[in-house]
Structure formats: structure tokens, C-alpha cells
Amino acid sequence: MNLVRPSFLRIALCLLLIAPLFEAGAFAAPATKIFKVSDFGAKGDGTTLDSPAIQRAIDAAAHSGGTVIVPTGTYLCGSIFVKSGVTLQIEKDATIRGSQKITDYPLMPTRVAGIEMSWPAALVNVYEQKNAAITGGGTIDGDGKIFWDSYRTLRSDYDPKGLRWAADYDAKRPRLVQIFNSDHIKLSSLMLKRSGFWTVHICYSHDIEVDGVTIRNNEDGKGPSTDGIDIDSSKKILVQHADISVNDDALCLKAGRDSDGLRVNRPTEDVVLKDSIVRAGAAGVTFGSETSGGFRNVEAYGITVLKPVPVGILFKSAHTRGGWAEDIRIHDMDLKDVAVAIRVIMNWNPAYSYATIPPEIKDYPSYWKVLGTPVPEDKGIAHFHDVHIWNIAGTAKTAFEVDGHPKAPLERFKLDHLALQTQTAGHIAYAANWSFSDIALTTADGSKVTVTDSHDVTGLN
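Residues numbered from 1 in each chain as written. Predicted model: local features only at pLDDT ≥ 70, side-chain atom pairs only at ≥ 80, totals over all residues. Heavy atoms only, no water.

Attention now moves to the overall build of the protein chain. Broken down by element type, the protein chain carries 8 helices and 30 strands. The globule rule puts the C-alpha radius of gyration for 461 residues at 23 Å, and the 25 Å found for the protein chain is close to it. Along the first, second and third principal axes, the C-alpha set of the protein chain runs to 80 × 70 × 45 Å. Counting all 461 residues of the protein chain, 53% fall into the buried class. Expressed as a percentage of contacts within the protein chain between residues at least 6 apart in sequence, the contacts between residues at least 24 apart total 73%. Summed over all atoms, the accessible surface of the protein chain reaches about 19100 Å², with 53% contributed by carbon and sulfur. Side chains of the protein chain give 48 positive and 54 negative charges; the mean places of these two sets differ by 3 Å. (Helix = DSSP H or I, 4+ residues; strand = E, 2+ residues; numbered from the N terminus. Rg over C-alpha atoms; globule rule 2.2 N^0.38 Å. Buried < 20%, exposed > 50% of the residue type's maximum accessible area, 1.4 Å probe, protein only. Contact = heavy atoms within 4.5 Å. Areas by Shrake-Rupley, 256 points an atom, 1.4 Å probe, with all protein chains shown as cover. Lys, Arg positive; Asp, Glu negative; His and termini not counted. Charge placed at Lys NZ, Arg CZ, Asp CG, Glu CD.)

In C-alpha cells, the structure reads:
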């Protein structure tokens, strides 16, 4: 067969013919269409309820894909819902401020604190959507103190009745940002503050990026359960460049609670948390307490944890949670005067973790029954294993507070290159096959780590 090779002249001629197409941008992506919320009736005066107008702009953009611009101003809002193909751009001097009327947040099916139930929608929602973004350098402000106060009032009534476990579910408080059953979503370059409940909740979702958010929930008081970023039964998640000050868990992984979490049985996996700072909160990096679906392939690094955060690295579960953790890698963390460097507790907060409905109460919501459904002992024990922790440096009062489950020791933890200065060494209980190497632990009281009810713990002292 004869092959006819094109001459150099013919190739050059082809290039000359197609060059104008590139110059004219014939193959460039179409320009993003802009939708200004002011064109849809938004006032930005801080008193007009602007969520209907902003929603009209989002819905218009969703038909063809586009960017919704929220310009300078304060926009009082109830729940708004970002749609597929839409970028919600909250500009630098713009604030979306949450309404203090709970009726402005419609009840929707979701998961909250480990169980599926109806709950008020968040202030800003990406609910069963894809390919969307929330960005722009502006602020989302939950103005949540009214919800914090209502929760505390409920607690004052519930706690003496043995209903501590029910309070978080009965006090329906809106989250700030919810990404639910969605994929390919980006949340970036925003100030998030004063959330009524959790700040960013990523649930049943995948391919999510959170980049460059600042969270400030301790303004106007300290809101209970104002977690920073909760990653809940989701996968392929990246969180980076976060700056967090909250009044509960800061960077937290969750996977369901007790019987309902075991029923759903969805792990949190393929997660990277990196290059962030935790200024206030319950811990720097937290696994649990909702552990039922399990955790797999999680890496956290480049995290700085500052005083007064009480714990650097925290694993927590309960005897009815179940679940597991495996292939967990935590490294290159800097701890500044925390109370405990590494804590593992498998019987966390019993008053909250174990739901018992008092027999004298006959009329109660259906989710109480879900919370109170017994979990067989063999299903309720969490199994944490194959965890690697390394390059952890800093100062703490106590190095280790580790308490595994007597029937399921914490297995195959590898810890190396730890450089900690502490008041006291602490303890490890119910551990198996732990290895330590290159440990520089300096204690003010001269103590060594106490190891009990464990076997094959090597290299520590």
C-alpha cells in the first residue's frame, strides 16, 4: 500500500486556515452569564427578607448555568438553595445574614448528629445537586445566638429529667452551610460566622472541596455544638487552608449513630485535611463520636492547634456506636499548649451517648425511638486499627489519654517522631500491637506513660 505523506507546504497551509479560529476564541468555553441579585429584587438593606429574591436569581441561573452575584450589602435571608451549574458569588463586602425566625428554614429530610430525620434546612444549601460553587470573599453570618439560647433553655429543662441525649435533636437549630447528597461542589474564600448549629455539614456527598474558609463562631458568645467542618458518610473530600474558631469539634469526621448509623452503613473515606489552623474548639482533628459507618483512608497534616483547644488529636465513640477506623494517617501537626496531645475515648459522654426514654413519658417524637433502639453488644463496639501518627510536635499538659474498649483493643497504632513537652505523660489502656519510635517526650513531673491492660506495646519508654 502506498502512503501519501502530506508535504510541509500542505501542513503549513492547514495551520494558516485554522489559526483564525483560535484567535477568535472559537474553541474557548462560553462566557459565564451573570445574574445580579439586585435585578431580581434583593435590597441588601439588612431588614428586607432577601432570600426569595436571591433564590429567583439562582433559579434563573440554573436554567443555563451561570454566576449569581451578591454585591455589597447585608442580605437578611432564610434558607437559600444553590442549584447545579451555579456559582453563588458573595462579594467581599457582602453578607448573607441568617433570619432569626426558625420558620424561614423549611423542614427537610437530612441527617443530623448521626440519624436521619427532618430538620430545618441550613442558611445556604447545596441539596442533591452537582457542579456548583459558593465563593467570593464575602460573609455568611448565621446570627445564631437566639438558637444557642433556645438550646440552653431546653437543656435546663431536659437535663434534670435524664433527657440530655434528646436535647440536641429537639432543639432544631439551622446549620450554616449544608452540602447534602451532592457531588463536585466547591466552597471557598468565605467568612463563616455565628452558626446556629454546625457550620459546614458535608453529608452523603463526594468530590467536595473546602478551601480557604475562615470560621468564627465565638462572636456574640460561644454557641453550643457549633462544629466547624463536619464530614459525614462522604468520600473524596479535600479541606485545606481553613482558619477555625468554634465551640465544639473543629475538623470532624462522622459516619452515623447507633442503630440508624449501622442501618445506613456508609463510611467516610478518601479524605484529606491539610494546612489549617484551629484557634478554638473541642479538638484539632476529631473522629466521631458518630462512628457507625466507619472511616477509611483519611490523611490529616499541616494542622496547627492553639491554646485553649483542649485536645490535638481525638478519637471518640460509645459502646452503642459500632463502626471502625482503618488506614488513618495523621502527621506534621504543631500543638501549642493544648490540654491533651492524643486522646482516644470509647465511652464518650454517656449522658449524651446513651438514650433511655423514661417510662413515664408516653408521647414523644418518632426519632426518640430511633435513638433508643438497642444495639447488640457485638455490633456496638467500635474497632479502631491501623493508625499511623507521626511528626507531632509541641506542648501539652498531658501527652496521652488513651482508653480502648476492653473487648476490642485499639490495634496496630504506629507512632513515631513525636517531640512533646508536657506536664505529665498520661496513660494508655486496652491497646494491642502499638509501636513507638523516635519519641522525644519531656515531662515536667518526670513521669513515664502508664500502660495497662495492653499487650505488645513497644518502644515507648
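All right, on to the pattern of salt bridges then. Going through the model one piece at a time under the given rule, you end up with 29 salt bridges. The salt bridge partner of Lys186 is Glu209, with a shortest N-O separation of 3.8 Å. Taken as a pair, Lys186 in strand 14 (residues 183-193) and Glu209 in strand 16 (residues 206-216) lie far apart in primary sequence, 23 residues in all. On the accessibility criterion, Glu209 (23% relative accessible area) is partly exposed. The structure contains a network of salt bridges with shared partners spanning Arg97, Asp141, Asp143, Arg194 and Asp220. (Salt bridge = Lys/Arg side-chain N within 4 Å of Asp/Glu carboxyl O.)

The subject of this paragraph is the side chain of Ser353. Mapped onto the elements, Ser353 comes out in helix 6 (residues 350-353). Side-chain polar atoms of Ser353 contact the backbone oxygen of Trp348, separated by 2.6 Å. Every residue in contact with Ser353, bar those within four places of it in the chain, is listed here: Arg257, Asp258, Ala318, Thr320, Arg321 and Trp348. (Polar contact = N/O pair within 3.5 Å; in protein donor to acceptor, adjacent residues only side chain to side chain.)

The subject of this paragraph is unusual backbone geometry. Glycine aside, a negative phi is what most residues show, and trans is what most peptide bonds show. Backbone torsion omega between Gly288 and Ser289 reads 0°, so that peptide bond is classified as cis. Its place among the elements puts Ser289 in the loop between strand 22 (285-287) and strand 23 (295-306). Between Lys307 and the following residue, Pro308, the backbone shows a cis peptide bond with an omega angle of 15°. When you line up the elements, Pro308 lands in the loop between strand 23 and strand 24 (311-316). Although it is not a glycine, Asp207 adopts a positive phi angle of roughly 55°. For Asp207, the location among the structural elements is in strand 16. Assessed through its relative accessible area of 25%, Asp207 is described here as partly exposed.

Counting all residues, the mean pLDDT for the protein chain is 93, and 93% of those residues have values of 70 or more. Element-level mean pLDDT values for the protein chain span from 35 in helix 1 (residues 8-23) up to 99 in strand 13 (residues 177-180). Throughout residues 1-30 the model reports pLDDT below 50, and contacts reaching past four residues in sequence, or to other chains, amount to 4 contacts. (pLDDT = per-residue confidence, 0-100.)

Right, let's get into helix 3 (residues 145-158). Taking 1.5 Å of rise per residue, 14 residues should cover 20 Å, and helix 3 covers 20 Å from first to last C-alpha, within 8% of that figure. Residues Phe147, Trp148, Tyr151, Leu154 and Tyr158 constitute the buried set of helix 3. One face of helix 3 carries all of its buried residues, which in axial projection span an arc of 125°. Exposed residues pointing more than 90 degrees away from the buried face of helix 3 are listed as Thr153 and Ser156. Considering only its buried residues, helix 3 is in contact with helix 4 (164-170) and helix 7 (366-372). (Expected span 1.5 Å × (residues − 1). Arc of directions from axis to C-beta.)

Attention now goes to the nonpolar core. Membership of the largest hydrophobic core comes to 95 residues, with the highest contact counts inside it found for Leu88, Ile134, Ile140, Val177, Ile229 and Phe400. The element contributing the most residues to this core is strand 25 (residues 324-345), with 9 residues. In terms of nonpolar packing, the next biggest core, distinct from the first, is built from 21 residues, Ala113, Trp198, Tyr352 and Leu371 among them. (Core = buried A, V, L, I, M, F, W, Y, C linked by side-chain atoms within 4.5 Å.)

Here the focus is the packing of aromatic side chains. The tally for this structure, following the rule as stated, stands at 16 aromatic pairs. Residues Tyr364 and Trp368 carry aromatic rings whose centres are separated by 5.7 Å and whose planes lie at 10° to one another, so their mutual orientation is stacked. Taken together, the ring pairs in this structure connect Phe287, Phe295, Phe315, Phe384, Phe400, Phe413, Trp434 and Phe436 into an aromatic cluster. Sitting over the ring of Tyr151, Arg173 keeps its end group 4.3 Å from the ring centre. (Phe/Tyr/Trp six-rings, centres within 6.5 Å; stacked < 30°, edge-to-face > 60°. Lys NZ or Arg CZ within 6 Å of the ring centre and 35° of its normal.)

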